[in-house]
Amino acid sequence: MDTTSHHSPVLDRYAAQEAIEAAWDDRTLLDQPDTQTAIEHVIEDLDKGKLRVAEPPTEEGGEWTINEWVKKAVILYFPIRKMETQEVGPFEYHDKMALKSDYATQKVRVVPPAVARYGAYLAPGVILMPSYTNIGAYVGEGTMVDTWATVGSCAQVGKGVHLSGGVGLGGVLEPVQAAPVIIEDGAFIGSRSILVEGCRIGKEAVIGAGVTITGSTKIIDVTGAEPKEYKGYVPPRSVVIPGSITKSFPAGDYQVPCALIIGQRKPSTDLKTSLNDALREHNVSV
């Protein structure tokens, strides 16, 4: 599939946003060359990391900013693409979307058969083990996407993150106002963890193996005299394991999943040492 951009490199971002918003309300505009150019411009900027679906806060403790119009561009990109057949050795694929290429120039290591779609940004130093990264995602410098991990559409992954084997980061395209999954710098996500529905993992947090967190999952800090509850958000440097809580239903009381904060990752100038200490001290599986 051809990933070559045909749009003007000087297309104004505000003009692109205006064209995309208009096409979102009137899909007949997708047939217009100017509209297609605007959409392609945005996807290329996503691919190069010049534009993001979500912007990190400018100050400590701030909120992320969701660029809804960029998500709209990703959604509108699908209908303007045509189905094409690709052959790779004995394998055949039939799809609309191009794949990323020229990894050597981008200083990204890609281990076969890892796949990343065009429109996903991979920063220098990223390592993709056999895994999948979808359009609109952002993966920061030095992050490891381990074997059979999936980085869903528009997921935001920071610098120096480790996504262990089989981790699933959910994709969020619609509704456009929904926040994507956000993994902040230095976090460690344990094997087979599932993080979806716009949950946010704070900097340098340690998520143990098999933890499932959605936007509504109760995350309970049990380190103090009284439990402290969060929803869909893990504070920085927290060490988290799977847990369960009792919930009442018409048929009776049953255990439902939650996540438990059982400690804090200790300060260290060597984050790898800090991580290992945290895992050993709290007997956390990864």
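Residues numbered from 1 in each chain as written. Predicted model: local features only at pLDDT ≥ 70, side-chain atom pairs only at ≥ 80, totals over all residues. Heavy atoms only, no water.

Draft legend 1. Main features of the overall build of the chain. Broken down by element type, the chain carries 5 helices and 26 strands. The buried share of the chain, reckoned over its 286 residues, is 47%. Within the chain, contacts between residues at least 6 apart in sequence are counted, and of these 40% link residues at least 24 apart. Of the roughly 14,200 Å² of accessible surface on the chain, a fraction of 52% belongs to carbon and sulfur atoms. (Helix = DSSP H or I, 4+ residues; strand = E, 2+ residues; numbered from the N terminus. Buried < 20%, exposed > 50% of the residue type's maximum accessible area, 1.4 Å probe, protein only. Contact = heavy atoms within 4.5 Å. Areas by Shrake-Rupley, 256 points an atom, 1.4 Å probe, with all protein chains shown as cover.)

Draft legend 2. Focus on the pairing of strand 22 (residues 218-221). Here strand 22 runs beside strand 23 (residues 228-231); their pairing, made up of 4 bridges, is antiparallel. The residue bridging Lys 218 from the neighbouring strand is Lys 231, located in strand 23. (Pairing = 2+ DSSP bridges.)

Draft legend 3. Structural view of the packing of helix 1 (residues 13-25) against helix 2 (residues 33-47). Between helix 1 and helix 2, the shortest axis-to-axis distance is 9 Å and the interhelical angle comes to 120°. Looking at the two axes, helix 1 sits oblique to helix 2. The way helix 1 lies across helix 2 gives a crossing that is left-handed. Along the contact surface, helix 1 presents Arg 13, Ala 16, Ala 19, Ile 20 and Ala 23, while helix 2 presents Thr 35, Ala 38, Ile 39, Val 42 and Asp 45. Partitioning the contact of helix 1 with helix 2 into residue classes produces 7 nonpolar, 1 polar and 2 charged. (Axes fitted to C-alpha atoms, helices over the stretch in contact; angles between N-to-C directions. Parallel < 35°, antiparallel > 145°, perpendicular 65-115°, else oblique. Left-handed = near helix turned anticlockwise from the far one by under 90°. Nonpolar A, V, L, I, M, F, W, Y, C, P; charged D, E, K, R; others polar.)

Draft legend 4. Broad picture of the side chain of Arg 81. Residue position: Arg 81 is located in the loop between helix 3 (68-80) and strand 3 (84-88). One buried charged residue, Arg 81, remains without a salt bridge, the closest side chain of opposite sign being Glu 84 at 4.8 Å. (Lys, Arg positive; Asp, Glu negative; His and termini not counted. Salt bridge = Lys/Arg side-chain N within 4 Å of Asp/Glu carboxyl O.)

Draft legend 5. Summary view of the nonpolar core. Judged by nonpolar contacts, the single largest core of 39 residues is most densely connected at Val 151, Leu 169, Ile 183, Ile 189, Leu 195, Ile 201 and Ile 213. Those elements giving two or more residues to this core turn out to be strand 7 (121-122), strand 10 (138-139) and strand 26 (252-264). Sequence-distant contacts of Leu 169, that is, excluding residues within four places in its chain, are made with Thr 150, Val 151, Gly 152, Ala 155, Val 157, Leu 163, Val 181, Ile 183 and Leu 195. Core analysis: the next-biggest nonpolar cluster, separate from the first, contains 27 residues, Trp 24, Val 42, Leu 46 and Val 70 among them. (Core = buried A, V, L, I, M, F, W, Y, C linked by side-chain atoms within 4.5 Å.)

Draft legend 6. Looking closely at the sheet that holds strand 15 (residues 168-169). Taken in spatial order, the 6 strands line up as 6-9-12-15-18-21 in an open sheet, and their pairing is parallel. Because the sheet does not close on itself, it has two edges, and the strands there are strand 6 (115-116) and strand 21 (212-213). As defined by bridge partners, strand 6 adjoins strand 9 (residues 132-133) across 2 bridges and the pair is classed as parallel. What sits directly across from Ala 116, in strand 9, is Thr 133.

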